[in-house]
Amino acid sequence: MKLRIGLGFDSHQFEEGKPLFLGGVRIESPCGLKGHSDGDALLHALTDAVLGALGEPDIGFLFSDTEERWRNASSEIFLREALRRMRNRGYSLVNVDCVLVADRPRVADYRERIRENLSRLLGIPKENVSVKGKRREGLEAGEGLLCICTVLLERTD
Ligand code: MG
């Protein structure tokens with residue numbers, strides 16, 4: 001297959017006092033995201049999108065939350081493993097598109113920093129990294145945040 005598309009989704013509850021990481025960026029916030037690792041929902045969704053495009057096992061299978069070694073781990077480790085598998089299979093990343101569903105903190109305040117960091121982590125130009133913020137407009141209580149990502153991979157060999 002010349003092209004492969006992938007979809008990833010993740011959601012985490014807020015946890016008071018924990019540092020907040022999104023897209024590998026530390027963001028000023030009174031609460032972070034609950035989880036075994038650093039709770040970076042955006043990197044988890046992105047990792048799953050890459051793995052899904054390849055038809056590989058998902059993030060929960062590869063990095064079980066029952067394993068002590070992933071406690072408070074940087075989620076960049078998970079993304080790097082997905083990218084390693086992608087390259088081994090002869091694919092490269094074309095572009096990524098992410099939707100962060102968060103009532104707080106306001107996505108517009110850190111969107112560009114996330115795009116820049118993802119561009120660096122993924123090794124693709126910032127123009128090929130889209131990050132959009134959406135609010136729930138009062139539909140839910142907003143006790144956490146959700147992230148949805150799509151990726152496009154292209155065969156390179
Ligand atoms: Mg997660």
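Each value, and the rule that gives it
- Residues numbered from 1 in each chain as written.
- Predicted model: local features only at pLDDT ≥ 70, side-chain atom pairs only at ≥ 80, totals over all residues.
- Heavy atoms only, no water.
- UniProt positions renumbered as here; feature names shortened; annotations may be inferred.
- Pairing = 2+ DSSP bridges.
- Helix = DSSP H or I, 4+ residues; strand = E, 2+ residues; numbered from the N terminus.
- Axes fitted to C-alpha atoms, helices over the stretch in contact; angles between N-to-C directions.
- Expected span 1.5 Å × (residues − 1).
- Buried < 20%, exposed > 50% of the residue type's maximum accessible area, 1.4 Å probe, protein only.
- Donors = N, O, S within 2.8 Å, 3.2 Å for Na, K, Ca; no water.
- Polar contact = N/O pair within 3.5 Å; in protein donor to acceptor, adjacent residues only side chain to side chain.
- Disulfide = S-S within 2.5 Å.

Going by what an unreviewed UniProt entry lists, the protein chain is known as 2-C-methyl-D-erythritol 2,4-cyclodiphosphate synthase and is assigned to Aquifex aeolicus. Quoted verbatim from the Sequence similarities (unreviewed entry) field of UniProt, the annotation for the protein chain is "Belongs to the IspF family."

Turning to the sheet that holds strand β5 (residues 91–101), a few remarks are in order. Strand order across the open sheet formed by 5 strands is β4-β1-β7-β5-β6, with mixed pairing between neighbours. On the outer flanks of this sheet lie β4 (31–33) and β6 (129–134), each paired with one strand and no other. Neighbour-to-neighbour, the strand axes of the sheet open up by a mean angle of 25°, direction not taken into account. Bridge count for β5 against β6 is 6 bridges, and the pairing is parallel.

Our focus in this paragraph is helix α3 (residues 76–88). For α3, with 13 residues, the first-to-last C-alpha span of 18 Å sits near the 18 Å given by 1.5 Å per residue. By the burial criterion, the buried members of α3 are E76, F78, L79, E81, A82, L83 and M86. A positive backbone phi angle near 85° is found at G90, which sits one or two residues after α3.

The protein atoms that coordinate the magnesium ion are D10 (OD), H12 (NE2) and H44 (ND1), at distances spanning 2.1 to 2.2 Å. Sequence spacing among the residues donating to the magnesium ion works out to D-x1-H-x31-H. For the pair D10 and H12, one class covers both residues: buried.

A few words now on the side chain of T47. In this structure, T47 sits in helix α1 (residues 41–54). For T47, the side chain forms a polar contact with the main-chain oxygen of L43, separated by 2.6 Å.

Moving on to the state of the cysteines. The tally for this structure, following the rule as stated, stands at 0 disulfides. Here C98 stays unpaired: no disulfide links it, and the sulfur of C149, its closest cysteine neighbor, is 3.3 Å away. Residue class for C98 comes out buried when judged on its relative accessible area of 0%.

Of note, the bond from R104 into P105 is cis; its omega dihedral lies within 30 degrees of zero at -15°. For P105, the location among the structural elements is in the loop between β5 and α4 (111–122). Notably, N72 is not glycine yet its phi reads approximately 60°, a positive angle. Residue position: N72 is located in the loop between α2 (59–62) and α3.

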